[in-house]
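Summary of structural features
Residues per chain, in single letters:
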Amino acid sequence: MPDNNPAPSPETGSAAAGSSGQEDRNQRYWFHILAQNNPAARNLHAAKLVDKAWQQGDRVCVVCDTMQHAEELDDLLWNFSPDAFIPHSVVPDSATTCTDPVGILLCPPVAEDWDTVIILSATLPADADRFKRLALVAHNDPNVLNQARSHFKQLRALGIEPRVHDQRKR
C-alpha cells in the first residue's frame, strides 16, 4: 500500500503467490505515523480511514479513551465532507449495541462485530490478533509515539508484524 494512500484496503498488501499465511495475516495490520504533531491531524487521518473502509462496505469502529475525544470525532465525521454522509454513533460502553456501520467506541471492540478497527486509544485490545483489519494512528508527539511503540511490541508478542507507514520520512 503506498504511503500516499492512507486507508487500509482489503485488496492491498495481499501476499504474493507462494507466501505464507502469516504474511497474509500481517497485511491486515497497519501503523500510520503522521508527520504532523497535533491531535487534529490524527483525527482527520482516522476520519479518512473510516470513510474509505466504510465506502468499501466495512463495519468500522474507532476506539477512543475519552468522551471528549469521541465527541470530537463525532463532529468531524458529521462535517467530514459536504458530499458524504457517514452513518455513525458513539458507543459509550460494551452494553450499548451499535446498529450503525460506523461506531466510535469508548470500550474494547468485539472482533466479530467489526471489519476494520482503528485504534486511537492508549490501550490495545487484548484480542487485537483476532481483528480482520486493524489500523493504529499516531501523530508525531513523543507521548503518542511511545504509546504506538508499546502497541507495536504488543502486536509482535501476538505474532503480528504490522506494516508501518511513516509519513515523517517524506
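Check the entry above for the structure.
Conventions used here
Residues numbered from 1 in each chain as written. Predicted model: local features only at pLDDT ≥ 70, side-chain atom pairs only at ≥ 80, totals over all residues. Heavy atoms only, no water. Helix = DSSP H or I, 4+ residues; strand = E, 2+ residues; numbered from the N terminus. Buried < 20%, exposed > 50% of the residue type's maximum accessible area, 1.4 Å probe, protein only. Lys, Arg positive; Asp, Glu negative; His and termini not counted. Salt bridge = Lys/Arg side-chain N within 4 Å of Asp/Glu carboxyl O. Contact = heavy atoms within 4.5 Å. Core = buried A, V, L, I, M, F, W, Y, C linked by side-chain atoms within 4.5 Å. Axes fitted to C-alpha atoms, helices over the stretch in contact; angles between N-to-C directions. Parallel < 35°, antiparallel > 145°, perpendicular 65-115°, else oblique. Left-handed = near helix turned anticlockwise from the far one by under 90°. Nonpolar A, V, L, I, M, F, W, Y, C, P; charged D, E, K, R; others polar. Expected span 1.5 Å × (residues − 1). Phe/Tyr/Trp six-rings, centres within 6.5 Å; stacked < 30°, edge-to-face > 60°. Lys NZ or Arg CZ within 6 Å of the ring centre and 35° of its normal. Polar contact = N/O pair within 3.5 Å; in protein donor to acceptor, adjacent residues only side chain to side chain.

The subject of this paragraph is the side chain of Arg 42. Counting through the fold element by element, Arg 42 comes out in helix 2 (residues 39-55). Look at Arg 42: it is buried, it has no salt bridge, and the nearest opposite charge is Asp 65 at 6.9 Å. Beyond its immediate stretch of four places on either side in the chain, Arg 42 contacts Leu 34, Ile 119, Leu 120, Val 137, Ala 138, His 139, Val 144 and Gln 147.

Nonpolar side chains in soluble globular proteins tend to end up buried together. Counting residues in each nonpolar core, the largest one holds 25 residues, and the members touching the most others are Val 117, Ile 119, Leu 124, Leu 134, Leu 136 and Leu 155. Put simply, the parts of the chain that give this core at least two residues each are strand 1 (29-33), strand 2 (60-63), strand 5 (116-119), strand 6 (133-138) and helix 4 (142-157). The dominant element in this core, judged by the number of residues it contributes, is helix 4, at five residues. Not counting residues within four places of it along the chain, the set of residues in contact with Leu 155 comprises Tyr 29, Phe 31, Leu 124, Ala 128, Leu 134, Leu 136, Ile 160 and Pro 162. Listed in part, the 20 residues of the second largest apolar core include Ala 53, Cys 64, Leu 73 and Ile 104.

Close contact between helix 2 and helix 3 (residues 67-79) brings their axes to 10 Å; oriented N to C, the two are set at 55 degrees. Relative to helix 3, the element helix 2 is oriented oblique. Remark: the crossing between helix 2 and helix 3 carries right-handed chirality. Residues Asn 43, Leu 44, Ala 47 and Val 50 of helix 2 lie in contact with helix 3, whose contacting residues are His 69, Glu 72, Leu 73, Leu 76 and Leu 77. Among the residues forming the contact of helix 2 with helix 3, the class breakdown is six nonpolar, two polar and one charged.

Next up on the list: helix 2. Its 17 residues place the ends of helix 2 24 Å apart at the C-alpha level, agreeing with the 24 Å of an ideal helix rising 1.5 Å per residue. Phi for Gly 57, located one or two positions after helix 2, is positive at around 95 degrees.

On to the environment of Val 102, then. Along the chain, the position of Val 102 falls in strand 4 (residues 102-105). Residue class for Val 102 comes out buried when judged on its relative accessible area of 0%. Along the primary structure Val 102 and Ile 86 are separated by 16 residues, whereas in three dimensions their C-alpha atoms are 7.4 Å apart. Non-local contacts of Val 102, meaning those with residues more than four positions away in its chain, are made with Val 50, Trp 54, Val 60, Leu 77, Ile 86, Pro 87, His 88, Ser 89 and Trp 114.

With that settled, consider the pattern of salt bridges. By the definition in use, this model includes six salt bridges. Here Arg 130 makes a salt bridge to Glu 112, at a shortest N to O gap of 1.9 Å. Here the residue Arg 130 occupies a position in the loop between strand 5 and strand 6, and Glu 112 occupies one in the loop between strand 4 and strand 5, the gap between them amounting to 18 residues. Its relative accessible area of 45% is what places Arg 130 among the partly exposed residues. Between Asp 127 and Arg 130 there is a salt bridge, and its shortest N-O distance comes to 3.3 Å.

Attention now goes to the packing of aromatic side chains. Summed over all chains, the structure comprises two aromatic pairs. Ring geometry for Trp 78 and Phe 85: centres 5.5 Å apart, planes at 35 degrees, overall tilted. Residue classification places Phe 85 among the partly exposed residues on the basis of a relative accessible area of 49%. Across from the ring centre of Trp 114, 4.3 Å away, lies the NZ or CZ of Arg 59, which sits over that ring.

All right, on to the environment of Glu 161 then. Its location among the elements puts Glu 161 in the loop between helix 4 and strand 7 (163-166). Spatially, the C-alpha atoms of Glu 161 and Arg 28 are 9.7 Å apart, while their sequence positions differ by 133 residues. Among the polar contacts made by the side chain of Glu 161, one reaches the side chain of Arg 156 at a distance of 2.7 Å.

Geometric values such as these leave the question of function open.
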